[in-house]
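# Structural features, examined
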Amino acid sequence: MVDSRRGDRRLNAPGEGRFGRRTIVILGLFLVFQALWFALLSSPGPRVLQGDEPRYQREALSIASGVAPAPEFLWPPFQKWFLGGVFRVAGSGPIPLAVLQTLLLAAAALLFWRLAILAGVGAPAADAALALLLLDPQVGSFAFSLWPEITYLFLLGSALALIFLKSRPAYFLGGVSLGLTLLTKSVIGPFLPVIALAAVLHGEAVKAASRGLRIVLLAAGLAAVLVPLIVWNGLHHGVWGVGSSGAFNLWIGLEDPDSRTDYDATAGRIYAEYQNAGITPGDRDRAALARVRERVAQRGLLGTLRGQLGKQYTRLFDKNSFFTDQLAGGRFRRSEPETTPAFLARRWAWGMHALTLTLASFGLFLLPPAAVRKKLWLPLTYLGYCVGILLLLHVKTRYRVAFLPCVDLFAGCAVAWLVAPRKALLPEDATSSASKWRRLLAGTALSTLLLWLSFGP
């Protein structure tokens, strides 16, 4: 969100909103690091597919051969079609996909950089956020995988950039991109009304009719993507929907063990039960929700929440990630001794994770509250939404990638404050020195909590 008054003068300062030397250097370093991560994960042999990746590969290869697999309606369908298109054009080898997704990640990061500039945080903060996002291997390594994280970040960044261009065709295209985002990861579904609200409120001196038209165009773009698929599924498979794993993941989330890294034991058992619970997706979801109600009744609401607080966020913010898990000596390669390159890469990943969480904790409190309310309420709300729903849903460190750009944004604001506090604190800030000290203490408390969740027992 951009304040059209005093904040816009900062935005229109010379050099603001244009890529500078820092941005180019960050992109160059990103490409170098990506090559290093790819070489490391591909040694001594090709990277072994993990988790859902074999299913994505199997379905994508089928699509590339011209045979569309029947939808399961548990996972959104776009990623397998995206991979199928890549395999059909460039083959199923790891290098073409890695190159394409690396470029998509770079494009997504630049879109988020531009959105940060539009929000008025300034180029230093936006550049710092860009560096934290692109040089973090827990994000960059997903460019080499079949999981939908990179596709999701690119589509969401594209949607937001289109929406805030403020032209009528862009709102329709933004709706199309939001529809594809929903078909990539269904987590964005409940948050779509908030994005629509942001689109309506964006800008000042806009007539009510124009604001209403924005909603119509966004809805039309969404419908252009979702309605044909819903109709196709209804006519050919008897399911009038696109699929969602919400009830399934809620069931697993309440049953997940206290372990930071046991993602599969409970999930595999519940998946088998879920598949046998009914013939249609609706039947299976109703059975899943019945099990959820049963579990909550057994533990009580407060007991359930206490149990979830005790395990979910240690899993979500764990210092290890799918990148470190795939290094020699990691969760997926325990039998291999940790090599020197793996040792260094693991410590880099841990350091980036700790640095980002610490800076973001201070950024959340050092920014003037008025500036956050006017300019950064959308990323803050999205961050709260993602962290909030993962109190109950099945959690892996992979799921934090969806909101890391928001974490990096607030971390970048903290960097800008450290480098030039007078410039970073916008004119709306009229708080006393005592208030600033309280905000520093709050940032210290939050960073301590997050680091304990990440590195503690």
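Scroll up to find the structure this text is about.
Right, let's walk through the structure included here. Note that the coordinates shown come from a computational prediction; the quantities given were computed from them, not determined experimentally. (Residues numbered from 1 in each chain as written. Predicted model: local features only at pLDDT ≥ 70, side-chain atom pairs only at ≥ 80, totals over all residues. Heavy atoms only, no water.)

This paragraph deals with the packing of aromatic side chains. Taken as a whole and assessed by the stated rule, the structure comprises 16 aromatic pairs. On the basis of an interplanar angle of 35 degrees and a centroid distance of 5.3 Å, the ring pair of Phe 33 and Trp 348 is categorised as tilted. With Phe 33 in helix α2 (residues 21-41) and Trp 348 in helix α18 (residues 340-366), this residue pair connects regions lying 315 residues apart in the sequence. Given a relative accessible area of 35%, Trp 348 falls into the partly exposed group. Look at Phe 38 and Phe 144: their rings are 5.3 Å apart centre to centre, the planes differ by 75 degrees, and that puts the pair in the edge-to-face class. Taken together, the residues span a long stretch of sequence, with Phe 38 in helix α2 and Phe 144 in the loop between α7 (137-140) and α8 (149-163) at a distance of 106 residues. (Phe/Tyr/Trp six-rings, centres within 6.5 Å; stacked < 30°, edge-to-face > 60°. Helix = DSSP H or I, 4+ residues; strand = E, 2+ residues; numbered from the N terminus. Buried < 20%, exposed > 50% of the residue type's maximum accessible area, 1.4 Å probe, protein only.)

Let us now look at the nonpolar core. The biggest cluster of nonpolar side chains holds 113 residues, and the ones touching the most others in it are Leu 178, Ile 188, Ile 195, Tyr 382 and Phe 403. The leading source of residues in this core is helix α5 (residues 94-118), at 13 residues. Residues within four places of Ile 195 in sequence aside, it is in contact with Leu 156, Leu 160, Ile 163, Leu 178 and Ile 188. Formed by 12 residues, the second largest nonpolar core is a distinct cluster that contains Ala 247, Leu 254, Ile 270 and Val 292. (Core = buried A, V, L, I, M, F, W, Y, C linked by side-chain atoms within 4.5 Å. Contact = heavy atoms within 4.5 Å.)

Contact geometry of α2 with α5 gives a least axis separation of 11 Å together with a crossing angle of 150 degrees. In terms of orientation, α2 lies roughly antiparallel with respect to α5. Where α2 crosses over α5, the handedness of that crossing is right-handed. Only Pro 94, Ile 95, Ala 98, Thr 102, Leu 105, Ala 106, Leu 110 and Trp 113 of α5 make contact with α2, whose side of the interface consists of Thr 23, Leu 27, Phe 30, Leu 31, Gln 34 and Phe 38. (Axes fitted to C-alpha atoms, helices over the stretch in contact; angles between N-to-C directions. Parallel < 35°, antiparallel > 145°, perpendicular 65-115°, else oblique. Left-handed = near helix turned anticlockwise from the far one by under 90°.)

In this section: empty space enclosed by the protein. By the definition in use, this model includes 4 cavities of 30 Å³ or more. Within this model, the largest cavity holds a volume of roughly 480 Å³. Surrounding the largest cavity, 29 residues form its lining, Phe 112, Leu 115, Leu 160, Pro 379 and Leu 409 being those nearest its centre. For the lining of the largest cavity, the elements supplying multiple residues, two or more each, are α5, α6 (123-134), α8, α20 (377-389) and α21 (404-419). Considering each element in turn, the lining of the largest cavity owes the most residues, 6 residues, to α5. (1 Å grid on protein atoms, 1.4 Å probe; cavity = no way out; pocket = protein on both sides within 12 Å on 5 of 7 lines; lining within 4 Å. Points joined across faces, edges and corners; volume = space filled by probe spheres on them.)

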